[in-house]
Amino acid sequence: AQRLGILKAEEVLGSFEAIMRALNRPGENVDKTLGYYRDIEDRNEGIAFLRAKLINLLALEATDVFMANEEDILKGEFNDTLIDNLEQRCPPLKDMMKLSVERIYNHDTVTQIEIAGYNVMSELLQLFIPALLKEKPSHKEQKVLKLFPYQFTEFQLTDSRYEKVMSALDLLSGMTDTYATELYRRLKGIVIPQHD
């Protein structure tokens, strides 16, 4: 909903409606859902409502695809993704994905955020991994290791370089974007943490 400046509300509504009608899930009444949408005065709230309905429909469809192909998936013989499978059965979804890539995910502001994210992750990894792999960490590296919460300190119990690196990856993958960015800013000295 925040990106309506990139896509017009009419485009989003048209795409969402086309996908819901193409999915044609039993028990779903698209016209009733669109009626609820029209009753919502705030357009962004309305689009958020439709988005939530569509995510739910797609999750149910993906579940159906998984269940229908569970045996092949578990054997590693399902050579598709759930989304690709849905796109094949629902051309409007494929159109929406293409439109999203063209107009949202490749928009300048989104690209800038993505590049900033690469920089944040790269810098944090460059800080954590050498500290984990050093046999005798420097004073600074010892301080870096103290930043690891207790649940990520398994690196202290192993000599495996792989497991040590996995500790850093586990820590980073559990961070929200906001937390990782804030930690990066503090550790780079962009923002000086206040000690109360």
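This text goes with the structure placed above it.
Within each chain, residue numbers correspond to sequence positions counted from 1 in written order. Totals for whole chains, interfaces and linings use every residue, but because this is a predicted model, local features are given only for residues with pLDDT of at least 70 and side-chain atom pairs only at 80 or more, for both listing and counting. Only heavy atoms go into the side-chain values, all of them from the structure, while hydrogens and water stay out.

### Describing unusual backbone geometry
The following threshold applies: Numbered from the N terminus, helices here are DSSP runs of H or I no shorter than four residues, and strands are runs of E no shorter than two. Buried, partly exposed and exposed residues are distinguished by accessible area as a fraction of the type maximum, computed with a 1.4 Å probe on protein chains only: under 20%, between the cut-offs, and over 50%, respectively.
The backbone phi angle of N24 is positive, close to 45°, even though this residue is not glycine. By the secondary structure assignment, N24 is in the loop between α1 (9-23) and α2 (30-39). Using a relative accessible area of 61% as the deciding quantity, one classes N24 as exposed.

### Description of the packing of aromatic side chains
To keep things clear, this is the line we draw: Any two of the Phe, Tyr and Trp rings considered here, Trp counted by its six-membered ring, make a pair once their centres fall within 6.5 Å; the pair's planes then place it as stacked at under 30 degrees, edge-to-face at over 60, or tilted in between.
What the rule picks out here adds up to three aromatic pairs. Here the aromatic rings of F128 and F148 are separated by 5.1 Å at their centres, their planes lie at 65°, and the arrangement is edge-to-face. On the criterion of sequence distance, the pair formed by F128 in helix α7 (residues 108-133) and F148 in the loop between α8 (139-145) and α9 (161-173) is long-range, its members being 20 residues apart. Of the residues examined, F128 reaches a relative accessible area of 0% and is grouped as buried. Consider the rings of F148 and F155, whose centres lie 5.1 Å apart with planes at 65°: the pair is edge-to-face.

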